[in-house]
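Report on the structure
For reference, the chains in residue letters:
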Amino acid sequence: MQFAGIMGCSEKEKFTALKKDQRLCHDVGEYCSRKLLFGACLERTHTYCCFNSLLARIINEQGRPQLRRGWGDAKSPDCGGFTPDQLQALNFAKMDLKEFYETLKYDVAGVNGPDAGRTAATVACKVAGKC
């Protein structure tokens with residue numbers, strides 16, 4: 001049933017679904033995107049800000065409150081990145097990067113041993129989020 005449902009999606013919607021599965025998106029909210037003549041909502045649209053990396057999403061989620069910068073609303077989201085000045089103003093010591101660090105864990109003992117190739121492939125797989 002899920003396969004049939006995704007077939008009706010646009011390429012952009014499929015791309016967003018893939019990024020969501022990789023935890024690269026922040027949920028901004030939803031809004032009524034199509035109304036009937038009498039004002040009843042016929043279709044709701046969910047809005048996400050998606051990023052190219054897990055670290056970029058985390059820094060955006062935790063950095064915006066520090067800068068007193070929101071995400072906009074679901075109908076007109078603010079998904080833009082930070083300026084160099086805004087990035088310098090962030091206090092990274094106050095950020096919880098545990099979710100990102102978890103993707104970097106691997107067996108250090110195997111790095112130079114007989115399993116070095118397999119370990120490197122596992123790390124690459126985890127960083128790409130495709131394990």
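Now for a look at the structure at hand.

Conventions adopted
- Residues numbered from 1 in each chain as written.
- Predicted model: local features only at pLDDT ≥ 70, side-chain atom pairs only at ≥ 80, totals over all residues.
- Heavy atoms only, no water.
- Salt bridge = Lys/Arg side-chain N within 4 Å of Asp/Glu carboxyl O.
- Helix = DSSP H or I, 4+ residues; strand = E, 2+ residues; numbered from the N terminus.
- Buried < 20%, exposed > 50% of the residue type's maximum accessible area, 1.4 Å probe, protein only.
- Core = buried A, V, L, I, M, F, W, Y, C linked by side-chain atoms within 4.5 Å.
- Contact = heavy atoms within 4.5 Å.

Tallied over the entire structure, the rule returns eight salt bridges. Linking Arg23 and Glu99 is a salt bridge whose minimum nitrogen-to-oxygen distance equals 3.0 Å. Note that Arg23 is positioned in the loop between helix H2 (11-21) and strand S1 (25-35) and Glu99 in helix H5 (residues 98-104), a separation of 76 residues in sequence. Arg23 sits in the partly exposed class, given a relative accessible area of 43%. Where Arg44 meets Glu30, a salt bridge forms, and the shortest distance between an N and an O atom there is 3.1 Å. Pair noted here: Arg44 is in strand S2 (residues 41-50) and Glu30 is in strand S1, with a separation of 14 residues, a long-range link. A relative accessible area of 47% means that Arg44 is categorised as partly exposed. Here the salt bridges share partners, and the residues they tie into one network are Arg23, Arg57, Glu61 and Glu99.

So, about the nonpolar core. Membership of the largest hydrophobic core is limited to eight residues, which are Leu24, Leu54, Ile58, Ile59, Phe82, Leu90, Met95 and Leu97. Setting aside chain neighbours within four positions, we find Phe82 in contact with Ile59, Asn60, Gly63, Arg64, Leu67, Arg69, Leu87 and Leu90.

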